[in-house]
Amino acid sequence: ERLAVELPGLQLKNPIMPASGCFGFGDNRYAKLYDLNKLGALVIKSTTLKERVGNPAPQIAWAGQNVLNSVGLKNPGVKVILEEKLPALRTKYPKLPLIGSVAGATVSEYTEVARLLSTSGLVDALELNISCPNVHEGGMLFGTDPKIVAVLTRAVKDVSRIPVYVKLTPNVTDIVSVAEAVENAGADGLSMINTLLGMKIDVQTRQSVLGSLTGGLSGPGIKPIAIRMIHQVSHAVSLPIIGLGGVETAVDVIEMYLAGASAVAIGTAHFNNPTACADVVDALPQEMDKLGISSLSELISQVRSEH
Ligand code: RRO
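Residues numbered from 1 in each chain as written. Predicted model: local features only at pLDDT ≥ 70, side-chain atom pairs only at ≥ 80, totals over all residues. Heavy atoms only, no water.

Student: Tell me what's going on with the overall build of the protein chain, and back it up with residues and numbers.
Tutor: Helix and strand content of the protein chain: 9 helices and 16 strands. By the compact-globule yardstick of 19 Å for 307 residues, the protein chain fits well, its C-alpha radius of gyration being 18 Å. Here the protein chain holds 307 residues, and the buried ones make up 56% of them. Put simply, 72% of the contacts in the protein chain that link residues at least 6 apart link residues at least 24 apart. (Helix = DSSP H or I, 4+ residues; strand = E, 2+ residues; numbered from the N terminus. Rg over C-alpha atoms; globule rule 2.2 N^0.38 Å. Buried < 20%, exposed > 50% of the residue type's maximum accessible area, 1.4 Å probe, protein only. Contact = heavy atoms within 4.5 Å.)

Structure, rendered in structure tokens:
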């Protein structure tokens, strides 16, 4: 197959997957619109050891064409995910590659969730989310300091039987140092970028539009940041990169590849187009033909800097 991609632990029929948080646990409205087997893989919502109810409402606000969220890691906890959510997904889509997403407030919480997910046999790879901008315990704090990133990545690698992709935050001045720390700690891949820390104020009420003061910005406005960071990181490390940040179209996917991605996740585009992933999968071959591209792998990191 022309769109097939092989990554550690993942045999993908195409490189397109939803971004974590956007499809819940697959038990969503998107499953009613098209067969999720059409996806390259499915990434579940980040999972913590215990249930989390999330941050105060409102958790979502538009900011121009972009979206601010302060969901706050709302999830039912790893037990419900292992006993109910993942078995239901596996039964319904036995051949769809699944990526579990791991979050926590301490190194031992991360490793416990990673151990439980990886030994369950229900997911093919883990995404280690060290970049949630909306929890003040853990979350993004783990993703900004290369030394802490290394300790956490190593601890999770030690307990995981399946490949680990570390999800990076753009809220750093030196993304390359973080990526290098992740590579040296033994990770199998990267996923980048998570949301950019932002804020919006209603001038009538003088309140923050989000229930919690700040939130993570996603959407087309952050795509140039994602492209720049993926480009920089792909030149510094040899790990495969799952690229995300503002992707809406097949052309955006090709741009991600040129920056250095080997697969692409789509998140915020679903707000305007609930079939975004399926539409991009359908459009990719024609877009490749138009641009004279025979396989996506030939594009990885092939940006030209001379003009
Ligand atoms: O749940 C969230 O608030 C959240 C998470 Br875990 C994340 O990784 N990125 C984001 O924008 N929101």
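So much for the structure itself; the text now carries on.
Student: Give me the sheet that holds strand 11 (residues 196-198): which residues, what numbers.
Tutor: One open sheet holds the 4 strands; their spatial order is 5-6-14-11, and the pairing between them is antiparallel. Two strands in the sheet have a free side with no partner beyond their single neighbour: strand 5 (60-63) and strand 11. Strand-to-strand, the axes of this sheet are offset by a mean angle of 35°, without reference to chain direction. (Pairing = 2+ DSSP bridges. Axes fitted to C-alpha atoms, helices over the stretch in contact; angles between N-to-C directions.)

Student: Just give me the short version of the pattern of salt bridges, but keep the residues and values in it.
Tutor: Scanning the entire structure with this criterion turns up 12 salt bridges. Note that Asp252 and Lys223 form a salt bridge whose closest N and O atoms lie 2.8 Å from each other. Taken together, the residues Asp252 in helix 7 (residues 250-259) and Lys223 in helix 6 (residues 223-236) connect sequence positions 29 residues apart. For Lys223, a relative accessible area of 15% puts it in the buried group. For the salt bridge of Arg304 with Glu306, the shortest nitrogen-to-oxygen distance reads 3.3 Å. (Salt bridge = Lys/Arg side-chain N within 4 Å of Asp/Glu carboxyl O.)

Student: So what's going on with the packing of aromatic side chains? Which residues, and what values?
Tutor: In total, this model carries 3 aromatic pairs according to the counting rule given. Pairing Trp62 with Phe271 gives two aromatic rings, centres 5.9 Å apart and planes at 75°, and the pair type is edge-to-face. With Trp62 in strand 5 and Phe271 in helix 8 (residues 269-272), this pair connects stretches of sequence that are 209 residues apart. Trp62 sits in the partly exposed class, given a relative accessible area of 38%. Measuring from centroid to centroid gives 5.1 Å for Tyr110 and Phe142, while their planes differ by 75°, and the two rings are edge-to-face. With Tyr110 in helix 3 (residues 107-119) and Phe142 in the loop between strand 8 (125-129) and helix 4 (146-159), the pair connects residues that are 32 residues apart, well separated along the chain. With a relative accessible area of 10%, Phe142 lands in the buried category. (Phe/Tyr/Trp six-rings, centres within 6.5 Å; stacked < 30°, edge-to-face > 60°.)

Student: Please give an account of the sheet that holds strand 3 (residues 16-18) that cites residues and values.
Tutor: Reading across from one edge, 3-16-15-10-9-8-7-4 is the order of the 8 strands in this open sheet, with parallel pairing throughout. Each edge of the open sheet is held by one strand with a lone partner, namely strand 3 and strand 4 (42-43). Here strand 4 pairs with strand 7 (residues 98-102) via 2 bridges, running parallel. Across the sheet, Leu42 pairs through a bridge with Leu98, a residue of strand 7. Along the sheet, helix 9 (residues 276-290) contacts strand 3 and strand 16 (263-266); its crossing angle with strand 3, the most-contacted strand, is approximately 175°.

Student: So what about the site of the ligand? Which residues, and what values?
Tutor: The full set of residues close to the ligand is Lys45, Asn69, Val71, Gly72, Leu73, Asn129, Cys132, Pro133, Asn134, Asn194 and Thr195. At 2.8 Å from an oxygen atom of the ligand is found a side-chain nitrogen or oxygen belonging to Asn69. Protein chains bury 93% of the 310 Å² of accessible surface belonging to the ligand in isolation. Looking at side-chain class alone, the shell around the ligand contains 4 nonpolar, 6 polar and 1 charged residues. (Near = heavy atom within 4 Å. Polar contact = N/O pair within 3.5 Å; in protein donor to acceptor, adjacent residues only side chain to side chain. Areas by Shrake-Rupley, 256 points an atom, 1.4 Å probe, with all protein chains shown as cover. Nonpolar A, V, L, I, M, F, W, Y, C, P; charged D, E, K, R; others polar.)

Student: With reference to specific residues and values, describe unusual backbone geometry.
Tutor: For residues besides glycine, phi is generally negative; the peptide bonds are generally trans as well. Omega for the bond connecting Ala57 with Pro58 falls within 30 degrees of zero, at -10°, which places this linkage in the cis form. Mapping Pro58 onto the fold places it in the loop between strand 4 and strand 5. Met192 connects to Ile193 through a cis peptide bond whose omega is 15°. Inspection of the secondary structure assignment puts Ile193 in the loop between strand 10 (189-192) and strand 11.

Student: I'd like a description of the pairing of strand 5, backed by residues and values.
Tutor: Looking down a regular strand, the side chains alternate between one sheet face and the other. Because side chains alternate across strand 5, one face comprises the buried residues Ala61 and Ala63, and the other comprises Ile60 and Trp62, none of which is buried. Two strands pair when backbone bridges link them, and strand 5 and strand 6 (residues 66-69) are joined in this way by 4 bridges, in the antiparallel orientation. Within strand 6, the residue paired with Trp62 across the bridge is Val67. Between the antiparallel neighbours strand 5 and strand 6 lie 2 residues, among them Gly64 with a positive phi of about 65°.

Student: Which residues make up helix 3, and what values do they have?
Tutor: The terminal C-alpha atoms of helix 3, which comprises 13 residues, lie 18 Å apart, in line with the 18 Å expected from a rise of 1.5 Å per residue. Those residues of helix 3 not exposed but buried are Glu109, Tyr110, Thr111, Val113, Ala114, Leu117 and Ser118. Where helix 3 is buried, its residues contact helix 2 (78-92), strand 7, strand 8 and helix 4. Gly121 occupies a position one or two residues after helix 3 and carries a positive phi of about 75°. (Expected span 1.5 Å × (residues − 1).)

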